[in-house]
Amino acid sequence: MGQHQYFVQDTKLTTHLNKLPITLSTPSKASMLSLQAQRDKARCSNEQLRALTHDIVRLFGEWQLNFGNKAKAADYPVQKALLWAKVVLHLQPSAERWQQAKERSILEEWPPSSARDLLALADQDASGYPDMREAYLSAASKRYAHAVVYETARRVGFWDIKSRAEAITYQRWQQIYPKVCSEHANGASFTLPKTQRVTHQHMPMRDDSPFAATVNAFLEGFSRCDMQ
């Protein structure tokens, strides 16, 4: 009797399950389309990443030719190009901005030290701030054409810029200068130090000055030459 009841209950459960909507076991058309869209997006993203990685590998090669010992091949493996490509894709620069950054990088004294620093090169001309390299050189000479130059020098370290190797301090400059410019553009206030200025004061020559006779003789001779 117990077995019969168990068989009846099992039959009822099977019948109930068979009546459930088919969507429980079979994906809907909408979900299938969504899944396909996700796959297409992932495939497109992978293709973009691959193409951008190849582009950066070529750029690294140009740096090695252009900068010599400042851009050793060992410092630019493919893994680094892939990482930079991921950063660039995340930042989503326009094609024009990306091209400007690559072209500008060849003109620098040192290669950029990160993907963000590379893209920052494209923003310098439009920002109105001093050129990164020129700003560094002026700071090394203790000349500050803009408050952002002085603030960057302060963060890098005045003593470091004066005493340490350029290979060290300029790399830090490349990292800090774009941040300072961005902060200033977003409202941060930086000030230049007060400089001692030499003021000119005009002191009229007195008649009893020991130089008065000499000056008068010179002026009289000059007047005679002018009249001849």
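Analysis parameters
Residues numbered from 1 in each chain as written. Predicted model: local features only at pLDDT ≥ 70, side-chain atom pairs only at ≥ 80, totals over all residues. Heavy atoms only, no water. Helix = DSSP H or I, 4+ residues; strand = E, 2+ residues; numbered from the N terminus. Buried < 20%, exposed > 50% of the residue type's maximum accessible area, 1.4 Å probe, protein only. pLDDT = per-residue confidence, 0-100. Contact = heavy atoms within 4.5 Å. Phe/Tyr/Trp six-rings, centres within 6.5 Å; stacked < 30°, edge-to-face > 60°. Lys NZ or Arg CZ within 6 Å of the ring centre and 35° of its normal.

A short note on unusual backbone geometry
Of note in the backbone geometry, glutamine 92 takes a positive phi value of approximately 55° without being a glycine. Along the chain, glutamine 92 turns up in the loop between α3 (78–91) and α4 (95–107). In this structure glutamine 92 comes out as exposed when scored by relative accessible area, which is 66%. Even without a glycine there, the phi angle at lysine 142 is positive, about 60°. With respect to the helices, strands and loops of the structure, lysine 142 is situated in the loop between α7 (132–140) and α8 (147–156).

Describing the confidence of the model for the chain
The pLDDT averaged across the chain works out to 77; a share of 64% of its residues lies at or above 70. Per-element averaging of pLDDT across the chain places helix α1 (residues 2–19) at the bottom with 52 and α3 at the top with 94. Contacts of residues 196–202 to residues separated by more than four positions or lying in other chains number zero contacts, the stretch itself having pLDDT below 50.

Brief notes about the environment of tryptophan 84
Here tryptophan 84 shows up in helix α3. Using a relative accessible area of 6% as the deciding quantity, one classes tryptophan 84 as buried. Spatially, the C-alpha atom of tryptophan 84 lies 8.6 Å from that of arginine 116, the residues being 32 residues apart in sequence. The contacts of tryptophan 84, once residues within four sequence positions are left out, are Ile56, Phe60, Trp63, Pro112, Ser113, Ser114, Ala115 and Leu118.

A word on the packing of aromatic side chains
Overall, the coordinates contain 11 aromatic pairs when judged by the stated rule. An angle of 75° between the planes, with centres 5.9 Å apart, marks the rings of tryptophan 63 and tyrosine 76 as edge-to-face. With tryptophan 63 in helix α2 (residues 29–67) and tyrosine 76 in the loop between α2 and α3, this pair connects stretches of sequence that are 13 residues apart. Across the pair, tyrosine 76 and tryptophan 63 agree in class, each one buried. With 5.6 Å between their ring centres and 75° between their planes, tyrosine 136 and tryptophan 173 make a pair best called edge-to-face. Here tyrosine 136 is found in helix α7, whereas its partner tryptophan 173 is found in helix α10 (residues 166–185), with 37 residues between them in sequence. Take tyrosine 136 and tryptophan 173: they sit in the same class, and that class is buried. Across the ring face of tyrosine 76, the terminal group of lysine 80 is positioned such that the distance to the ring centre comes to 4.6 Å.

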